[in-house]
There are 2 protein chains.
Amino acid sequence: MENGVFLNGRYCTPEEALISVDDRGFLFGDGVYEVIKCFDGKFFKMEEHLIRLQRSAGKIMLDLPYTAREIAAVCYELRSRSGIQNGLIYMQATRGAAPRTHYFPQSPSPTFLVKIIEMDVEIWLEHCRGVKAIFLPDERWVHCDIKSVNLLPNVLARETARRQGAYEAIFIHSLGITECGSSNFFAVLDGRLVTAPQGDRILSGIIRETVLQLAAAAEIPVELRYPRPEEMAAATEAFITNSSDEIAPILAIDEKPVGEGRPGKITTLLSDKLEALKKTL
Amino acid sequence: MENGVFLNGRYCTPEEALISVDDRGFLFGDGVYEVIKCFDGKFFKMEEHLIRLQRSAGKIMLDLPYTAREIAAVCYELRSRSGIQNGLIYMQATRGAAPRTHYFPQSPSPTFLVKIIEMDVEIWLEHCRGVKAIFLPDERWVHCDIKSVNLLPNVLARETARRQGAYEAIFIHSLGITECGSSNFFAVLDGRLVTAPQGDRILSGIIRETVLQLAAAAEIPVELRYPRPEEMAAATEAFITNSSDEIAPILAIDEKPVGEGRPGKITTLLSDKLEALKKTL
C-alpha cells in the first residue's frame with residue numbers, strides 16, 4: 001500500500017514528488033495549505049476545508065490552479081490509489097517557481113500539492129485520552145487567520161513544548177490566550193465553554209466551528225473571548241481541537257493539572273457528540 | 001555562461017536543482033538564508049554574512065551541514081564555474097525533508113542550497129539614482145533579527161509597494177519606523193543620521209553596519225532610534241540599504257518628496273565612501 005501524491009497535474013510517488021529550489025514556497029513561504037481528515041474512507045467536512053483554502057489563497061492574492069471540485073476529485077483519487085481509509089490529506093498551493101524577488105511573478109505558475117498520509121490510529125487514541133501543554137508567548141505576525149506555510153513560530157513553539165515533555169504550546173498574547181501551536185484552545189470556566197473569537201489572531205479550525213455548533217445544540221453556554229492564563233488555575237476543563245486530533249483533553253499546563261487532571265465532563269460530552277456526528281456522514 | 005547551483009553536496013544546473021515536497025523549507029519555512037554581493041569577482045564581507053547565517057541557524061536550533069570555510073569554498077567554485085563577476089550569491093539552509101510534523105525531525109538531514117545569480121547592473125544603477133517608497137504597518141512576528149525564509153509579510157508588503165508604483169515598503173511599528181520589506185532604513189534629521197537600533201525588530205544588514213562605520217569615520221552624528229513616520233516631512237534625506245542595492249536614496253514616500261526629492265549630500269557621501277571601500281577589498 002503506497003501513499004499517494006498529486007503534484008502539478010500528475011500522480012506520483014513521494015520519491016518522485018520534487019519541486020524546484022526556486023519555488024516561492026521554499027524561498028519565501030509564499031503559499032497556503034489545508035489538512036483534511038479521512039476516517040473510514042470518508043473526508044470530514046471537505047467542502048469547508050476547500051472554502052477555507054480558497055479564502056487563505058485570496059488573502060495572499062494567490063490564484064489556485066484548480067477548482068474546489070477538481071481538488072475534491074484529486075482527494076478521492078488519492079484515497080483510491082493509496083487504499084488509505086484512515087489518514088490525512090495534506091494540500092499546499094504556492095506561487096510556484098520564479099527568479100527570486102519579493103514581488104509576485106508577473107506570470108505565476110502555481111505549485112499545487114496534494115498528499116495522502118496514513119494515520120497512526122494508536123497515536124490518535126492516545127491524544128484523545130489527554131495531553132500536556134505549556135504556555136508560551138504568542139510571537140506570530142498579525143494575520144494568523146491566513147493558513148500560510150510561514151510556520152516557523154509554530155514549529156519553534158511546538159518543539160519547545162516537546163522538549164519540556166508536553167504535546168502542545170498554548171499561545172499567550174496581550175489579549176489573552178489566542179490558540180495553540182497547531183490547534184485551537186478551549187477552556188471550561190464556571191461551566192461555560194470559553195474560546196477566542198474569530199479574527200486575525202486565530203486560525204479558526206473546522207473542528208473548532210463544529211465544536212461550537214455541537215455545544216450550542218447541547219445547550220452548553222459559550223463565551224467567545226480570550227481566556228486569561230491566570231484563569232486556568234480555576235478552569236475545570238480544557239481541550240484543544242484540530243483536524244488530525246479532533247478533540248484532545250488538556251490534562252496539565254506547565255505541569256499543573258487542569259481541573260482534576262483528567263478528561264472533563266463537557267470535553268467528553270463534546271467528543272462523544274463529534275464521534276456521533278462522524279457516524280452520520 | 002550558466003548560473004551555477006550547489007545543492008546538498010553536488011554542483012548542478014538550476015533545472016537539476018530539485019528538492020522533496022517534504023522539505024521543511026517548503027512545508028514550514030523552517031530555514032534561514034543569506035544574500036552576498038559579488039562585484040568585480042569579489043565577495044563583499046563574506047565572513048560577516050557567514051557568521052550571520054550561523055547566528056540565524058543557531059536561533060532556530062538548526063545545525064548547518066557545512067562550516068563557514070566549506071561554504072566560502074562553494075561560493076568561489078560557483079563563481080569560477082559560472083564565470084559571473086557581478087552577481088549575488090543566494091544561500092539557504094533548511095531542516096530538510098521529513099514526515100510532516102511541527103516537531104523537529106529526530107535525525108534531521110538539512111538541505112543546503114547555494115546559487116549564484118547574475119546581477120543586472122543597469123537595474124542596480126537605476127536604484128542608486130533613487131527609488132520611491134510607501135509606508136505600511138509592520139505586521140511581522142517578534143524575531144525579525146532571524147533571517148528566516150518566513151517572508152510572506154515582506155512579500156506582501158513589497159508587492160503592495162510595487163502596485164502603488166513604489167520600490168520598497170517602509171514598516172511602521174508602534175515603536176516607529178523599524179526597517180523595510182527587504183532593506184534597512186535611514187533618515188537624515190537635523191543633520192543626524194537616524195536608524196533603528198539593533199534588536200529583534202530589525203535584521204541588521206551587513207551594509208547597514210558598514211554605513212554606520214563609514215558615518216562614524218566621516219564624523220556624521222548618528223542616532224540609533226526608531227524614526228517616527230511624522231518626522232519624515234522634515235527629513236532632508238532618506239535611504240535604504242541591503243546587499244543587492246547597497247545604498248538606494250529614497251526620493252519620495254507615499255508620493256511626498258523627501259527633502260528636495262533627489263539624493264542628498266550625506267547619502268551621496270556615504271555611497272561614495274562605500275564605493276571607495278569596495279575598491280580597497
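Scoring rules and cut-offs
Residues numbered from 1 in each chain as written. Chains lettered and ligands numbered in written order. Predicted model: local features only at pLDDT ≥ 70, side-chain atom pairs only at ≥ 80, totals over all residues. Heavy atoms only, no water. Helix = DSSP H or I, 4+ residues; strand = E, 2+ residues; numbered from the N terminus. Rg over C-alpha atoms; globule rule 2.2 N^0.38 Å. Buried < 20%, exposed > 50% of the residue type's maximum accessible area, 1.4 Å probe, protein only. Contact = heavy atoms within 4.5 Å. Lys, Arg positive; Asp, Glu negative; His and termini not counted. Charge placed at Lys NZ, Arg CZ, Asp CG, Glu CD. Least-squares fit on C-alpha atoms with pLDDT ≥ 70 in both. Buried area = accessible area lost by both parts, 1.4 Å probe. Salt bridge = Lys/Arg side-chain N within 4 Å of Asp/Glu carboxyl O. Core = buried A, V, L, I, M, F, W, Y, C linked by side-chain atoms within 4.5 Å. Phe/Tyr/Trp six-rings, centres within 6.5 Å; stacked < 30°, edge-to-face > 60°. Lys NZ or Arg CZ within 6 Å of the ring centre and 35° of its normal. Expected span 1.5 Å × (residues − 1). Pairing = 2+ DSSP bridges. Patch = residues over 30% accessible without salt bridge, like charges linked within 9 Å, V, L, I, M, F, W, Y side chains within 5 Å. Areas by Shrake-Rupley, 256 points an atom, 1.4 Å probe, with all protein chains shown as cover. 1 Å grid on protein atoms, 1.4 Å probe; cavity = no way out; pocket = protein on both sides within 12 Å on 5 of 7 lines; lining within 4 Å. Points joined across faces, edges and corners; volume = space filled by probe spheres on them. Nonpolar A, V, L, I, M, F, W, Y, C, P; charged D, E, K, R; others polar. Domains from an automatic or database assignment. Axes fitted to C-alpha atoms, helices over the stretch in contact; angles between N-to-C directions. Parallel < 35°, antiparallel > 145°, perpendicular 65-115°, else oblique.

## Observations concerning the overall build of chain A
For chain A, the count of helices and strands is seven helices and 16 strands. Relative to the globule expectation of 19 Å for 281 residues, the C-alpha radius of gyration of chain A, 19 Å, shows essentially globular dimensions. With the principal axes as the frame, chain A shows a C-alpha extent of 55 × 40 × 35 Å. Counting the 281 residues in chain A, one finds 58% classified as buried. Looking at chain A alone, contacts between residues at least 24 apart form 73% of all its contacts between residues at least 6 apart. Looking at chain A, you have 32 positive and 38 negative side-chain charges, and the mean spots of the two groups are 1 Å apart.

## A word on the side chain of Arg158(B)
Within the fold, Arg158(B) resides in helix α5 (residues 152–163). The exposure class of Arg158(B) is buried, given its relative accessible area of 6%. Ignoring anything within four residues of it in the chain, the contact list for Arg158(B) reads His102(A), Tyr103(A), Tyr167(B), Glu168(B), Gly181(B) and Ser182(B).

## Digging into the relation of the copies chain B and chain A
Rotating chain B by 180° about the axis while translating it 0.0 Å along that axis superimposes it on chain A, leaving an RMSD of 0.0 Å. Read as a symmetry element, the transformation amounts to a two-fold axis.

## With respect to the interface of chain B and chain A
The partner chain A presents 53 residues to the 53 residues of chain B that form the contact. In total, chain B and chain A occlude about 4800 Å² of area from one another, counting both sides; carbon and sulfur atoms represent 66% of this. Area buried by chain B at its contact with chain A is led by Phe26(B), His102(B) and Tyr103(B), which between them contribute 17% of it. Taken together, the links from chain B to chain A amount to two salt bridges. Residue Asp22(A) pairs with Lys115(B) through a salt bridge whose shortest N-O separation is 2.6 Å.

## Some points on the nonpolar core
Formed by 92 residues in total, the largest nonpolar core has its most connected members in Met91(A) and Met91(B). Residue contacts for Met91(A): discarding those within four places in its chain leaves Val32(A), Tyr33(A), Glu34(A), Ile36(A), Leu50(A), Leu53(A), Ile71(A), Cys75(A), Phe112(A), Leu113(A) and Val114(A).

## A look at the packing of aromatic side chains
If you walk through the whole model with that rule in mind, you get 14 aromatic pairs over all chains. Where Phe43(A) meets Tyr76(A), the ring centres are 5.2 Å apart and the plane angle is 80°; that geometry is what we call edge-to-face. Here the residue Phe43(A) occupies a position in strand β5 (residues 42–43), and Tyr76(A) occupies one in helix α3 (residues 68–82), the gap between them amounting to 33 residues. Ring geometry for Phe186(B) and Phe239(B): centres 4.7 Å apart, planes at 10°, overall stacked. Separated by 53 residues along the polypeptide, Phe186(B) in strand β11 (residues 184–189) and Phe239(B) in strand β14 (residues 237–242) bring together distant segments of the chain. Of the two residues, Phe186(B) and Phe239(B), both sit in the buried class. Each residue in the set Phe6(A), Tyr11(A), Tyr66(A) and Phe112(A) is aromatic and connected to the rest through ring pairs, giving one cluster. Geometry around Tyr167(B) places Arg158(B) over its ring, the cationic atom sitting 4.8 Å from the centre.

## Comments concerning helix α6 (residues 206–217) of chain B
Residues spaced three or four apart along an α-helix point in a common direction, a consequence of the helix completing one turn every 3.6 residues. Residue and element names in this part refer to chain B. The end-to-end C-alpha distance of α6 is 17 Å, a good match for the 16 Å that twelve residues give at a rise of 1.5 Å each. By the burial criterion, the buried members of α6 are Ile206, Ile207, Arg208, Thr210, Val211, Leu212, Leu214 and Ala215. Looking one or two residues past α6, Glu219 carries a phi angle of roughly 60°, positive in sign.

## As for the pattern of salt bridges
Two side chains with opposite charge may pair up if their charged atoms get near one another. All names here are of chain A. The tally for this structure, following the rule as stated, stands at 44 salt bridges over all chains. When the shortest N-O distance is used, the salt bridge between Lys278 and Glu275 registers 3.0 Å. Of this pair, Lys278 and Glu275 both sit in helix α7 (residues 265–280), three residues apart, which is roughly one turn of the helix. For Lys278, a relative accessible area of 6% translates into the label buried.

## Thoughts on the sheet that holds strand β7 (residues 111–118) of chain A
All names here are of chain A. Pairing within the open sheet is antiparallel, and its six strands lie in the order β2-β1-β7-β6-β4-β5. In the strand order of this sheet, the two ends are held by β2 (10–12) and β5, each with one partner. Direction of pairing for strand β6 (residues 87–94) relative to β7: antiparallel, over a ladder of eight bridges. When the bridges of β7 are listed, Gly87 appears paired with Glu118.

## Topic: a negative patch on the surface
A cluster of like negative charges, contributed by Glu118(A), Asp120(A), Glu122(A) and Glu126(A), occupies part of the molecular surface. Relative accessible area serves as the criterion here: at 42%, Asp120(A) is assigned to the partly exposed category.

## Considering the layout of surface pockets
Residues and elements named next belong to chain B. What the second largest pocket holds in volume is close to 230 Å³. Of all the elements in the fold, those that place two or more residues in the lining of the second largest pocket are α2 (46–59) and α6. When residues of the lining of the second largest pocket are assigned to their parent elements, the largest contribution, four residues, is made by α2. Along the lines of polarity and charge, the residues of the lining of the second largest pocket split into four nonpolar, three polar and five charged. Residue contributions to the lining of the second largest pocket reach at least three from each of two domains, namely domain 1 (5–119) and domain 2 (124–279).

## Details of the packing of helix α6 (residues 206–217) of chain A against α7(A)
Pairs of packed helices are described in terms of their axes, by the angle between the two and the distance that separates them. All names here are of chain A. It is the contact of α6 with α7, at a shortest axis distance of 10 Å, that shows an interaxial angle of 105°. Considering their axes alone, α6 and α7 lie roughly perpendicular with respect to each other. In this structure, α6 contributes Ile207, Thr210, Val211, Leu214 and Ala215 to the contact, and α7 contributes Leu270, Lys273, Leu274 and Leu277. Among the residues forming the contact of α6 with α7, the class breakdown is seven nonpolar, one polar and one charged.

## What about empty space enclosed by the protein?
All names here are of chain B. Taken as a whole, this structure holds one cavity of 30 Å³ or more when the rule is applied. If you go around the largest cavity, the residues you meet are Thr236, Glu237, Ala238, Pro249, Ile250, Leu251, Val258, Arg262, Pro263, Gly264 and Thr267. Among the elements that line the lining of the largest cavity, the one with the most residues is strand β15 (residues 246–253), at three residues. Split by residue class, the lining of the largest cavity holds six nonpolar, three polar and two charged.

## As for the pairing of strand β8 (residues 131–137) of chain A
Residues and elements named next belong to chain A. The element β8 is extensively covered by neighbouring structure, given that five of its seven residues are classed as buried. The sheet contact formed by β8 and strand β15 (residues 246–253) spans three bridges and is parallel. Bridge assignment links Lys132 to a residue of β15, and that residue is Ala252. One ladder, built from five bridges, connects β8 with strand β9 (residues 168–173); its direction is parallel. Considered in β9, the bridge of Phe135 is made with Ile170.

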